[in-house]
Amino acid sequence: TQLLEQSPQFLSIQEGENLTVYCNSSSVFSSLQWYRQEPGEGPVLLVTVVTGGEVKKLKRLTFQFGDARKDSSLHITAAQPGDTGLYLCAGEGDSGYALNFGKGTSLLVTP
Amino acid sequence: EPEVTQTPSHQVTQMGQEVILRCVPISNHLYFYWYRQILGQKVEFLVSFYNNEISEKSEIFDDQFSVERPDGSNFTLKIRSTKLEDSAMYFCATNRGYNSPLHFGNGTRLTVT
């Protein structure tokens, strides 16, 4: 099983601050996905990164896939309370059907 | 926007009982999955299902678990004889194709007492 380590586990910041969360592995992934999960709901896909070195932007969120396709980061600029949630990264397993998830970073943005 | 629907939202059962969790996939999606999330732990893959058969399953998905699509609409997960450690959120997910975006339902919280 290809393990994904996410850091930090918890992050509490004030509105307007910037933050970066990380997803690391010793394994190479063909792609990595980032999800956001709110309490009582299922994960919602934010982005898929496929090419090593790729950078994707989604409004104030910037996602980067490492050159070696073993790690990824999510940077949020000027965080807002609506960004609060659990951010999960997931990579395809060897067969391509199963997704391996990290444990997630729980983000709290206070006004 | 179409969504994956799961029922019930919460199921409480006694140890040893059978439970069936139900999912209605998005209508043009062909690949179906079950994941679970034990409280405080990561989301774990259970099984994938395509063309009316299991395409992959994890070590968690032992003989106590089964999936089927009984009526071409619902996609169900059955646990034959529940154990305390089966208590978790169970998420159904579907996608249109092998590499297309995965859509999760809001889960069924299973509590085994």
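So, here is what we can say about the structure in this document. (Residues numbered from 1 in each chain as written. Chains lettered and ligands numbered in written order. Predicted model: local features only at pLDDT ≥ 70, side-chain atom pairs only at ≥ 80, totals over all residues. Heavy atoms only, no water.)

What follows deals with the sheet that holds strand 3 (residues 19-24) of chain A. What holds strands together in a sheet is hydrogen bonding between their backbones, with the strands either parallel or antiparallel. All names here are of chain A. Across the sheet, five strands lie side by side as 1-3-8-7-6; this open sheet has antiparallel pairing. The open sheet has two free edges, formed respectively by strand 1 (5-7) and strand 6 (55-58), since each of these has just one partner strand. Each strand of the sheet is rotated relative to its neighbour by a mean of 15°, with strand direction disregarded. With three bridges joining them, strand 1 and strand 3 adopt antiparallel strand pairing. What sits directly across from Glu5, in strand 3, is Asn24. (Pairing = 2+ DSSP bridges. Helix = DSSP H or I, 4+ residues; strand = E, 2+ residues; numbered from the N terminus. Axes fitted to C-alpha atoms, helices over the stretch in contact; angles between N-to-C directions.)

Bringing the packing of aromatic side chains into the picture now. All names here are of chain B. The full count for this structure, using the stated rule, is 14 aromatic pairs over all chains. Relative to Tyr50, the ring of Tyr31 has its centre 4.3 Å away and its plane inclined at 10°; by these criteria the two rings are stacked. With Tyr31 in strand 4 (residues 31-37) and Tyr50 in strand 5 (residues 43-50), this residue pair connects regions lying 19 residues apart in the sequence. Its relative accessible area of 12% is what places Tyr31 among the buried residues. (Phe/Tyr/Trp six-rings, centres within 6.5 Å; stacked < 30°, edge-to-face > 60°. Buried < 20%, exposed > 50% of the residue type's maximum accessible area, 1.4 Å probe, protein only.)

With an omega dihedral of -10°, the bond running from Ser7(A) to Pro8(A) counts as a cis peptide bond. As for its position among the elements, Pro8(A) is in the loop between strand 1 and strand 2 (10-14). Going from Thr7(B) to Pro8(B), the amide bond is cis rather than trans, its omega being -10°. Mapped onto the secondary structure, Pro8(B) falls in the loop between strand 1 (5-7) and strand 2 (10-13). A positive phi angle is found at Lys59(A), which is not glycine, with a value near 55°. Look at Lys59(A) and you get exposed, because its relative accessible area is 85%. For Asn51(B), which is not glycine, the phi torsion reads 55° and is therefore positive.

Here we take up the state of the cysteines. One pass over the structure, following the stated rule, counts two disulfides over all chains. Across the disulfide, Cys23(A) is cross-linked to Cys89(A) (sulfur-sulfur distance 2.0 Å). Negative torsions about the S-S bond denote left-handed disulfides, and the value of about 75° found for Cys23(A) with Cys89(A) makes this one right-handed. In this pair, Cys23(A) is assigned in strand 3 and Cys89(A) in strand 9 (residues 85-92), connecting sequence segments 66 residues apart. Classification of Cys23(A) by relative accessible area gives buried; the value is 0%. When its relative accessible area of 0% is taken as the criterion, Cys89(A) is described as buried. The disulfide that involves Cys23(B) links it to Cys92(B), with 2.0 Å between the sulfurs. On the sign convention where negative is left-handed, the bridge of Cys23(B) and Cys92(B), at about -60° about the S-S bond, is left-handed. Remark: Cys92(B) occurs in strand 9 (residues 88-95) and Cys23(B) occurs in strand 3 (residues 19-24); sequence separation between them is 69 residues. As far as the burial class goes, Cys23(B) and Cys92(B) line up, both buried. (Disulfide = S-S within 2.5 Å.)

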